[in-house]
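# Understanding the architecture of this molecule
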Amino acid sequence: MSVPDDLPQSLAPLRDLPWTEITLGKSSCDVWRIALADGNSVFLKAERLHPLAELPGEIERLNWLTGMGFKAPRVVDAEQVGSRLFLLMTAVPGADLTHYIDRPGDFVRAYAQGLKRLHALDPANCPFDHSLEARLVEAEARMRAGLVDEDDFDTERQGWTAARVLDWLHRHRPETGDRIVTHGDASAPNILAQQGRFSGIIDCGRLGRADVWQDLALACRSIAYNIGREHVAPFLAAYGAEWDEAKYRYYCTLDEMF
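To keep things clear, this report deals only with the structure shown in the data block.

What counts and how
Numbers given for residues are sequential positions, taken from 1 along each chain in its written order. Local features in a predicted model are, by the rule used here, given only for residues with pLDDT of at least 70; side-chain atom pairs are given and counted only at 80 or more, and totals for whole chains, interfaces and linings are based on all residues. The side-chain values count all of the structure's non-hydrogen atoms but skip hydrogen atoms and water molecules. Note on pairing: DSSP must find at least two bridges between two strands before they are called paired. Starting at the N terminus, helices and strands are each numbered in turn, a helix being any DSSP run of H or I of at least four residues and a strand any DSSP run of E of at least two. Working definition: with a 1.4 Å probe on protein chains only, accessible area under 20% of the residue-type maximum means buried, over 50% means exposed, and in between means partly exposed. Each direction from the helix axis to a C-beta atom contributes to the arc, which is the arc of those directions. Contacts are residue-level and defined by heavy atoms, with any inter-residue pair within 4.5 Å sufficient. To estimate the expected span of a helix, count its residues, drop one, and scale the result by 1.5 Å. Fitted lines through C-alpha atoms give the axes, limited to the stretch in contact for helices. The angle between two N-to-C directions lies from 0 to 180 degrees. Working rule for angles: under 35 degrees goes down as roughly parallel, over 145 as roughly antiparallel, 65 to 115 as roughly perpendicular, anything else as oblique. A clockwise turn of the near helix away from the far one marks a right-handed crossing, whereas an anticlockwise turn of less than a right angle marks a left-handed crossing. We call Asp, Glu, Lys and Arg charged. Ala, Val, Leu, Ile, Met, Phe, Trp, Tyr, Cys and Pro are nonpolar, and the rest, Gly among them, are polar. Nonpolar cores are built from buried Ala, Val, Leu, Ile, Met, Phe, Trp, Tyr and Cys residues. Side-chain atoms within 4.5 Å join them into one set. Note on aromatic pairs: the rings of Phe, Tyr and Trp (six-membered ring only in Trp) are paired at centre separations within 6.5 Å, and the planes decide the class, stacked below 30 degrees, edge-to-face beyond 60, tilted for the rest. The criterion is that NZ of a Lys, or CZ of an Arg, lies within 6 Å of the ring centre and within 35 degrees of the ring normal, and then a charge sits over that ring.

We now examine the pairing of strand β3 (residues 41–48). As defined by bridge partners, strand β2 (residues 30–35) adjoins β3 across six bridges and the pair is classed as antiparallel. Bridged to Ala 35 within β3 is Ser 41. Counting the residues in the hairpin turn of β2 and β3 gives five residues, including Gly 39, whose phi is positive at 95°. Pairing between β3 and strand β5 (residues 84–90): seven bridges, direction antiparallel. Each residue of the ladder has a partner; that of Glu 47, found in β5, is Leu 85.

With that out of the way, let us pick up helix α6 (residues 232–239). Of all the residues in α6, the buried ones are Val 232, Phe 235, Leu 236 and Tyr 239. Angular distribution of buried residues about the axis of α6 spans 95°; they occupy a single face of the element. When the buried face of α6 is taken as reference, the exposed residues oriented beyond 90 degrees from it are Ala 233 and Ala 237. At its buried positions, α6 is contacted by α2 (104–119), β7 (180–182) and α5 (213–226). Following α6 by one or two positions, Gly 240 adopts a phi angle in the positive range, close to 100°.

This part takes up α2. Its 16 residues give α2 an end-to-end C-alpha distance of 22 Å, which sits within 8% of 22 Å, the value for a rise of 1.5 Å per residue. Among the residues of α2, those classed as buried are Asp 106, Phe 107, Val 108, Ala 110, Tyr 111, Ala 112, Gln 113, Gly 114, Leu 115, Leu 118 and His 119.

This part is about the packing of α2 against α6. Close contact between α2 and α6 brings their axes to 9 Å; oriented N to C, the two are set at 40°. It follows from the interaxial angle that α2 and α6 lie oblique. The handedness of the crossing between α2 and α6 comes out as right-handed. Contacts from Val 108, Tyr 111, Ala 112, Leu 115, Lys 116 and His 119 of α2 reach α6 at Pro 234, Phe 235, Ala 238 and Tyr 239. Looking at side-chain class alone, the contact of α2 with α6 contains eight nonpolar, one polar and one charged residues.

Ordered by their spatial adjacency, five strands build an open sheet running β1-β2-β3-β5-β4, and the pairing between neighbours is antiparallel. For this open sheet the edge positions go to β1 (19–21) and β4 (75–81), each flanked by a neighbour on one side alone. Pairs of neighbouring strands in the sheet enclose a mean axial angle of 20°, with direction left out of account. Across the sheet, helix α1 (residues 55–67) lies against β3, β4 and β5, angled at about 25° from β5, the strand it touches most.

Let us now look at the sheet that holds strand β8 (residues 191–194). Strands sit in the order β6-β8-β9 across an open sheet of three strands; the sheet is antiparallel. Each edge of the sheet is formed by a strand with only one pairing partner; in this case those strands are β6 (95–96) and β9 (197–201). Of the strand pairs in this sheet, β8 and β9 are connected by four bridges, and their pairing is antiparallel. Bridge pairing in β9 places Leu 192 opposite Gly 200. With respect to the sheet, α2 is in contact with β8 and β9, its orientation differing from that of β9 by roughly 50°.

Leu 65, Leu 97, Tyr 111, Leu 115, Ile 201, Phe 235 and Met 257 are the most contacted members of the largest nonpolar core, which has 66 residues in total. Setting aside anything within four residues of it in sequence, one finds Leu 115 in contact with Ala 186, Ile 191, Asp 215, Leu 216, Ala 219, Phe 235 and Tyr 239. In this structure, Leu 7, Trp 32, Val 42 and Ala 46 belong to the second largest nonpolar core, which totals twelve residues.

Contact pair helix α3 (residues 132–144) / helix α7 (residues 245–255): the axes reach a minimum separation of 11 Å and the direction vectors enclose 35°. In this structure, α3 contributes Leu 132, Arg 135 and Leu 136 to the contact, and α7 contributes Tyr 250, Tyr 251 and Leu 254. In terms of residue class, the contact of α3 with α7 is built from five nonpolar, no polar and one charged.

With that settled, consider the packing of aromatic side chains. Ring pairs (aromatic) are described by centroid distance and by the angle formed between their planes. Evaluation of the coordinates by the stated rule reveals nine aromatic pairs. Plain terms: the ring middles of Phe 70 and Phe 198 are 6.1 Å apart, the flat faces sit at 45° to each other, and that makes the pair tilted. Placement of Phe 70 in the loop between α1 and β4 and of Phe 198 in strand β9 is noted, with a sequence separation of 128 residues between them. Of the two residues examined, Phe 70 and Phe 198, each falls in the buried class. Taking the centre distance of 5.8 Å and the plane angle of 85° together, the rings of Trp 213 and Trp 243 count as edge-to-face. You can see Trp 213 sitting in helix α5 and its partner Trp 243 sitting in the loop between α6 and α7, a full 30 residues away along the chain. On the basis of relative accessible area, Trp 213 is assigned to the buried category, the value being 5%. Judged by its relative accessible area of 37%, Trp 243 is partly exposed. Three or more aromatic residues joined by ring pairs make a cluster, and in this case those are Phe 107, Tyr 111 and Phe 235. Above the face of the Phe 128 ring, Arg 61 is positioned so that its terminal group lies 4.2 Å from the ring centre. Over the ring of Phe 258 we find Arg 135, and its NZ or CZ is 3.9 Å from the ring centre.

Written out as structure tokens, the structure reads:
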């Protein structure tokens, strides 16, 4: 694996270590795992900066989360080289839930544990607003910037344009409940477990205060995709929520814009 040519000088000691590129997920960032001599690993993200770049916000959110004592990557270093921002983070123990697809009981339990713990954080202390008002404004900005991947829409919306999705979102906006601290992209690759129990979250650039179904919708979709729709009800029971078809559809549709 080749080391990026524009690696910050402060990270030069990492050049001769083993690098592995991480391609799971749909982030706009380049991501690498770097194996340290002591057997541990660190992760490096790099993103070309633009007005809607997510990495600056992720750095803020990780600092806030770890300051709250939550299990998430700790920021080791963050530096800009030219138009690219680099973020070096510690690894979170465990493996993401896609490694548990042959253990659906552990998959569901760890998922529910992780979201319940995150959602128990005091939203009054969270400075990041991901209300529908804020998200729809950002969705429109992403559409106008050409950042919405219309070819990657879910089956139900194949052939739609981003403008059609945004119009649907405005016309079908649901009533929202209390705003809690949500991950914002609570799919299985972003939830980690160790020995079958929740061990942390990663990819926190969309964390903010929102309706609980911001996370539950994407979790239910991810559960259905990875281990089968029959495991959605046990997950909701373990979490302590009732199925909400309207909000499930709405927040999955909103996710198309991100």
